[in-house]
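Understanding the architecture of this molecule
Residue strings, one per chain:
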Amino acid sequence: MAKVVYDSVYKRFPDGTEAIKDLSLEIGDGEFVILVGPSGCGKSTALRMCAGLEEISDGQLLIGDKVVNNLTPKERDIAMVFQSYALYPHMTVGENMGFALKLAKVDSDEIDKRVKDAAETLDLTEYVDRKPKALSGGQRQRVAMGRAIVREPQAFLMDEPLSNLDAKLRVAMRAQIAELQNRLGVTTIYVTHDQVEAMTMGDRVAVLKRGELMQVDAPQKLYDNPDNLFVGGFIGSPAMNFAEAEFYKEEGQYKVSVGEGDNPTILNVHDEAIDRYHRVTDYEGKTLAIGMRPEHFFRGNGESTDAPQGMMWTGRRVTLVEQLGAEMLVHFGTSAPPIVTEDMREAVDDPDAFAELERQAREGGQVFTARFDPGDPPKFDSLIDVGFRTEYLHFFDIESGEALR
Amino acid sequence: MSDQMRGDEVREDQRPDADTEPGELAQEDDEVTKGTGAGVGGGKGVTSGSSWVVRISVLALCLLWTIPSIGLLVSSFRERTDVQSTGWWTAFASPLDFTQWTLSNYDIVLFENDFAGAFVNSLIVTIPATLIPISAAAFAAYAFSWMEFQGREVIFVIFVGLLVVPLQVAFVPFIRIFETLGISGTFLSVWLAHTGFGMPLAVYILRNYMGSLPREVIESAKVDGATQFQTFWRLIVPLSVPALAAFTIFQFLWVWNDFLVALVFLGVTPDVKVVTVALAELIGSRGQDWHLLTAAAFITMIVPMIVFFSLQRYFVRGLTAGSVKG
């Protein structure tokens, strides 16, 4: 087991595109780090560079204390789990798991023992003599895991290993992999595009955008304190709501005004938010981007329009209600101008959804998503009042996307 | 913003049965087999009428192709006088009358006209002339599909381009080279000639097949510590069995049935003469003796028929897998 260090690593393709730009990331011995980002952000490339399946154009990659840039995958002593599992179809489960050891000329008693142990760990004992095609998706996934763990490698590299499983199985395997990694204590890099996997599995999450590392932090910290608009928008599901707002001070109270025209929505900014985002005071009298997590909205009763620390959207039209059992998502129309920047395009990670956002921007408004406790759902197309707890407000520069901390 | 949820819930809804298995070749093969079965037998209900038309047409075509072969086989066991006076089907008037059947045609052809020797020569030519190109082509195809080197695509295109070179063009240069090497008229020369003529197609078919194997499986072997040779030998070769088998059959049949190359490079001396050449000679010298020609023809046919019937499964599956999928 060893630490893995990316030191100013670049990946350039022959056509000149840079898939990875100046990636520096240190993954501690035994640490579980998740690489996450929108499609095309280079997360898989970063992983494959570590495996030795892609060349490193510039910078250094270290496994343990050894620079491995020019080593073959074989010499790096790492194990990889692929999205398609990549099992060898002509070999039995046992042969699949023992293949690497056989190539490494480990003696056959030792191979048998390690395969048997791994099969027990993964509950595969009765399938050891079967071929992969006779297994279910979940079992194949476990064989792929088994193939990695019998090696006792320096590091595990996993490339979206759960994305081919159905929902229920994915939840079970998520927990199983996290538990297994914890027990074995093997340094692990795990690539995913799944929000829940990113938030729940790793010690730290590294968020990439277009080949650049945007932020690395523990999942909860990342969620609570995004470094920039992109991370704020990408992490979290449903996503953070963003709007363009004027920031100003009136009678000693910081306020933001959201929405165009003669009738903007005004809210008083809580001091706590100012404390967290101290640079925001430089933006007095300027326009900035505010971010609001869906869970920080609350339902109004139609009277408290001038709540001192709250912003109210009164008489908003409900466009969609999603009841998820433990919670309820309410989508409602506002006149708040959306943020339509490159950062947002990446954060949304869906051309159709972004086009919809652009359309809403042209019409001068957007739909917010709020997360409420279940019960008493508003009717579709009815009008509701919604407030926001401004102590949880996030502030970003619109152009650079930086958090104003 | 309502559309931008990337949540688990949304994605799960989008693919409730996302249990696809990209890595499973064997399974694909099974499905292909099942698929064809269903295509013929599945015509129940509405399409049953057209299904019967298909069956009857297939049956008619089979008969049309099989009857001449049966005629040949029957004639080869009849007496000379019978063959020359009555049609072969008259033998079925009393099939149990064993006096009309004889093995003497085979006896004469095999031993007096030395088809036995020619048969052995044919095997000596065909087996190496099949195995040499297939093994060389397997290595080449692996390199063309999974090894990175300068000019890979260009070399491959030139290689495949050789398919259009007519075989006759190469005769004179080949003969001169073989003379220089002092191997003209030997089995070695004909093995080399067939290897040269067979390679472009072999490389093409095998590369297409190997190139369609899932990339992740090969990468996985690399990460597991396999060298190029181990990847080739333990992974690519076992996974390419259908294509290898198909090409083996193809090359075997072509070399066995080949007349021109054998005549040009080996000639007609009895110690190297192959069955096709022997048959041509027999037609020249005993052209009137149908009873002998049928027996000789059947000796010539028997090996290709055995090969084809025993391995036809691979033949069809491997060729389509190589060309259509690739």
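Residues numbered from 1 in each chain as written. Chains lettered and ligands numbered in written order. Predicted model: local features only at pLDDT ≥ 70, side-chain atom pairs only at ≥ 80, totals over all residues.

Details of the overall build of chain A
Where we set the bar: A run of H or I in DSSP becomes a helix once it reaches four residues, and a run of E becomes a strand once it reaches two; helices and strands are each numbered from the N terminus. Between the buried cut of 20 or more and the exposed cut of 12 or fewer other C-beta atoms within 10 Å of a residue's own C-beta lies the partly exposed class, and all C-beta atoms are placed from the backbone. Residues are treated as contacting if the C-beta atoms built from their backbones sit within 7 Å of each other.
Along the backbone of chain A there are 12 helices and 20 strands. Reported as C-alpha extents along the three principal axes, the dimensions of chain A are approximately 80 × 45 × 35 Å. Looking at chain A as a whole, 47% of its 405 residues qualify as buried. Of the contacts formed within chain A by residues at least 6 apart in sequence, a portion of 69% connects residues at least 24 apart.

A short note on the packing of helix α3 (residues 93-103) of chain A against helix α4 (residues 108-121) of chain A
All names here are of chain A. For clarity, the threshold we go by: The convention used is that axes are lines fitted to C-alpha atoms, helices contributing only their stretch in contact, and that angles between N-to-C directions extend from 0 to 180 degrees. Throughout, the term roughly parallel applies to angles under 35 degrees, roughly antiparallel to angles over 145, roughly perpendicular to angles from 65 to 115, and oblique to all others. What makes a crossing left-handed is the near helix being turned counterclockwise from the far one by less than a right angle; a clockwise turn instead makes it right-handed. Put simply, Ala, Val, Leu, Ile, Met, Phe, Trp, Tyr, Cys and Pro go in the nonpolar bin, Asp, Glu, Lys and Arg in the charged bin, and everything else, Gly too, in the polar bin.
Orientation of α3 relative to α4, taken along the N-to-C sense of each, is 135 degrees, at an axis distance of 10 Å. Between α3 and α4, the angle is such that the two are oblique. The crossing of α3 and α4 is right-handed. Counting all contacts with α3, which are made through Gly 94, Met 97, Gly 98, Leu 101 and Lys 102, the residues of α4 involved are Ile 111, Arg 114, Val 115 and Ala 118. Class assignment for the residues of the contact of α3 with α4 results in 5 nonpolar, 2 polar and 2 charged.

A word on the environment of Trp 290 of chain B
Structurally, Trp 290 of chain B can be placed in helix α15 (residues 290-325). Each C-alpha atom of the pair Trp 290 of chain B and Glu 153 of chain B lies 53 Å from the other, and the pair is 137 residues apart in sequence.

Some thoughts on the environment of Pro 153 of chain A
All names here are of chain A. You can see Pro 153 is positioned in the loop between α5 (137-149) and β7 (155-159). Of the residues examined, Pro 153 has 21 C-beta atoms within 10 Å and is grouped as buried. Expressed as a C-alpha distance, the spacing of Pro 153 and Gly 325, which sit 172 residues apart in the sequence, is 42 Å. In contact with Pro 153, not counting residues within four places along its chain, are Asp 77, Ile 78, Ala 79 and Val 186.

With respect to the nonpolar core
Definition in use: For this analysis, nonpolar core means a set of buried Ala, Val, Leu, Ile, Met, Phe, Trp, Tyr and Cys residues linked through C-beta atoms within 7 Å.
Leu 35, Cys 50, Leu 157 and Ile 189 of chain A together with Leu 206 and Ala 296 of chain B are the most contacted members of the largest nonpolar core, which totals 174 residues. Among the elements that take part in this core, helix α9 (residues 187-211) of chain B stands out by supplying 13 residues, more than any other. Not counting residues up to four positions away in its chain, the partners in contact with Leu 35 of chain A are Lys 43, Ala 46, Leu 47, Ile 189, Tyr 190, Val 191, Ala 206 and Leu 208 of chain A.

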